[in-house]
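# Structural characterization, general
Take a look at the letters that make up each chain.
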Amino acid sequence: MDQLRKKKGFICDMDGVIYHGNQVLPGVKKFVQWLAEEKKNFLFLTNSSQYTPKELQQKLARMGLEVDESHFYTSALATAHFLDSQAPGCSAYVVGEHGITNALYDKGITYNDVNPDYVVVGESSAYNLEQITKAIRLVNAGAKLIGTNPDLTAPSEAGIVPACRALIAPIELATGKSAYFVGKPNPLMMRTGLRMLGVHSENAVMIGDRMDTDIIAGIETGLDTVLVLSGVSTRETCEEYPYRPKFILKGVGEIPGK
């Protein structure tokens with residue numbers, strides 16, 4: 001644990017690590033205070049595409065956590081950056097919340113439900129058959145299928161809920177086309193996170209609650225990894241994977257120590 005505490009940079013997932021829904025998890029306030037007191041470089045890197053960094057900042061503020069907007073990076077921002085780098089000025093049909101629509105708008109990517117270059121799917125509380133049917137027809141007509149992240153499920157206060165990969169699956173099955181996922185464990189998002197931290201991978205650690213996105217993302221980017229048992233993965237499911245986290249903790253509150 002002393003080795004972990006000496007790291008200069010901390011990349012943390014949010015859902016299942018910092019909060020469930022609108023409920024802050026035990027030990028989180030102590031952990032965030034420790035990051036500030038120790039002058040650590042830290043970044044909250046979330047695969048959720050629902051919210052903007054400003055909204056995430058305000059969400060944490062309502063939970064009693066004061067974190068500057070600059071400490072957030074989302075799969076929505078990563079997806080918008082990717083599409084802008086691939087096809088500047090392109091258009092997209094979007095199934096998702098304002099987090100992804102705002103990120104695309106900020107990059108000059110226009111909404112198009114007639115002949116878009118891309119169909120982009122993120123988490124959506126308004127997900128419905130009409131949207132999926134339109135998305136299927138547009139992909140069959142030539143639009144490229146993009147997922148903001150490959151998460152099948154996400155934790156919530158009431159239990160597990162379907163996430164992006166589960167929502168995009170009907171489109172893949174109906175069209176026979178595979179989506180390209182931008183969020184973790186895609187190295188594009190992790191490398192951007194490291195650049196934002198300004199820390200070399202050897203001096204950084206990835207903290208997450210999922211073996212299939214957070215932990216593999218950290219390993220493949222050369223970071224030490226911490227699996228917290230406050231979200232999706234458990235000690236039992238951890239054994240199902242051919243790779244292991246460096247540390248397994250109950251929650252981030254264990255990191256600062258006493």
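You'll find the structure just up there.
Predicted model, so just to flag it, every value in this text is computed and none were measured. Throughout, a residue's number is its position along its own chain's written sequence, starting from 1. This being a predicted model, a pLDDT of at least 70 is required before a residue's local features are given, and a value of 80 or more before pairs of side-chain atoms are given or counted; all residues contribute to the totals for chains, interfaces and linings. Side-chain figures throughout are based on the complete set of non-hydrogen atoms in the structure, without hydrogens or water.

When helices and strands are counted, the chain shows 10 helices and 15 strands. Scaling as 2.2 N^0.38, a compact globule of 258 residues should have a C-alpha radius of gyration of about 18 Å, and the chain matches this with 18 Å. C-alpha extents for the chain along the principal axes are approximately 60 × 35 × 35 Å. Whether two residues are in contact is decided by their heavy atoms, any of which lying within 4.5 Å being enough. In the chain, once contacts between residues fewer than 6 apart in sequence are set aside, the share between residues at least 24 apart is 68%. Per-residue and other accessible areas follow the Shrake-Rupley method at a 1.4 Å probe size, with only the shown protein chains counted as cover for residues. Put simply, the chain shows about 11800 Å² of open surface, and 50% of that area lies on carbon and sulfur atoms. A gap of 5 Å separates the mean positions of the 26 positive and 29 negative side-chain charges of the chain. Runs of H or I in DSSP of at least four residues are treated as helices and runs of E of at least two as strands, each being numbered from the N terminus. Radius of gyration here uses only the C-alpha atoms, and the compact-globule reference equals 2.2 Å multiplied by the residue count raised to the power 0.38. Counted as positive: Lys and Arg. Counted as negative: Asp and Glu. His and the chain ends are not counted at all. Throughout, a charge is located at the NZ atom of Lys, the CZ atom of Arg, the CG atom of Asp or the CD atom of Glu.

What follows concerns the sheet that holds strand 14 (residues 224-228). In this scheme, strands are said to pair when DSSP sees at least two bridges between them. Spatial ordering of the open sheet is given by 5-4-1-13-14-15, a layout of 6 strands whose pairing is parallel. Of all the strands in the sheet, just strand 5 (72-74) and strand 15 (247-249) have a single pairing partner and so form its edges. This sheet shows a mean twist of 20 degrees between the axes of neighbouring strands, independent of strand direction. In this sheet, strand 4 (residues 41-46) lies alongside strand 1 (residues 9-12) in parallel orientation, the contact comprising 4 bridges. Here the axes come from fitting lines to C-alpha atoms, over the contacting stretch only for helices, and the angles between their N-to-C directions go from 0 to 180 degrees.

Moving on, we get to the side chain of Thr175. With respect to the helices, strands and loops of the structure, Thr175 is situated in helix 7 (residues 164-175). Separated by 2.7 Å, the side chain of Thr175 and the backbone oxygen of Ile171 make a polar contact. The residues touching Thr175, leaving out its near neighbours within four places in the chain, are Ile136, Val139 and Asn140. Two N or O atoms count as a polar contact when they lie within 3.5 Å, although within protein this holds only if one can serve as hydrogen donor and the other as acceptor, and sequence-adjacent residues are included solely when both atoms are side-chain atoms.

Our next topic: the pairing of strand 14. Only protein chains enter the accessibility calculation, which uses a 1.4 Å probe; a residue is then buried when its area is under 20% of its type maximum, exposed when over 50%, and partly exposed in between. Across the 5 residues of strand 14, 5 count as buried, placing the element largely inside the fold. Residues Asp224, Val226 and Val228 line one face of strand 14 and the alternating positions Thr225 and Leu227 line the opposite face, and both faces are buried. Here, the term right-handed applies to a crossover whose path from the first strand over the helix to the second runs clockwise when the strands point away from the viewer. Between the parallel elements strand 13 (residues 204-208) and strand 14, the chain passes through helix 9 (residues 211-220) in a crossover that is right-handed. Across 3 bridges, the pairing between strand 14 and strand 15 is parallel. Residue pairing for strand 15: Leu227 is matched across the bridge by Ile248.

Let us look at the environment of Thr175. Accessibility expressed as a relative area gives 13% for Thr175, which makes it buried. Thr175 sits 135 residues away from Lys40 along the chain, and the two C-alpha atoms are 46 Å apart.

Residues Phe10, Phe44, Leu60 and Ile207 are the most contacted members of the largest nonpolar core, which totals 30 residues. Looking at this core, the elements with two or more residues in it are strand 1, helix 2 (28-37), strand 4, helix 3 (53-62), strand 13, strand 14 and strand 15. Looking at this core, the element that brings in the most residues is helix 2, giving 5 residues. Not counting residues within four places of it along the chain, the set of residues in contact with Ile207 comprises Phe10, Ile11, Cys12, Asp13, Val17, Phe31, Val226, Val228, Val252 and Ile255. Counting residues in hydrophobic clusters, the runner-up holds 29 residues, among them Ala76, Ile100, Leu197 and Leu223. In this description, a nonpolar core means a group of buried Ala, Val, Leu, Ile, Met, Phe, Trp, Tyr and Cys residues linked to one another through side-chain atoms lying within 4.5 Å.

A few words on the layout of surface pockets. Using a grid of 1 Å spacing that covers the protein atoms alone, one calls a set of points a cavity when a 1.4 Å probe fits there but cannot get out, and a pocket when the set is open and has protein on both sides within 12 Å along at least five of seven lines; lining residues are those with an atom within 4 Å of a point. Grid points are joined across faces, edges and corners, and a volume is the space filled by probe spheres set on the points. If you add up the space inside the largest pocket, you get close to 500 Å³. What lines the largest pocket is a set of 30 residues, and nearest its centre among them are Asp15, Ser48, Gln50, Ala154 and Val161. The set of elements that each furnish at least two residues to the lining of the largest pocket consists of helix 3, strand 10 (153-156), strand 11 (159-162) and helix 9. Ranked by residue count, the leading element in the lining of the largest pocket is strand 10, at 4 residues. Split by residue class, the lining of the largest pocket holds 10 nonpolar, 11 polar and 9 charged. Each residue receives one of three labels: charged for Asp, Glu, Lys and Arg, nonpolar for Ala, Val, Leu, Ile, Met, Phe, Trp, Tyr, Cys and Pro, and polar for the others, Gly being one of them.

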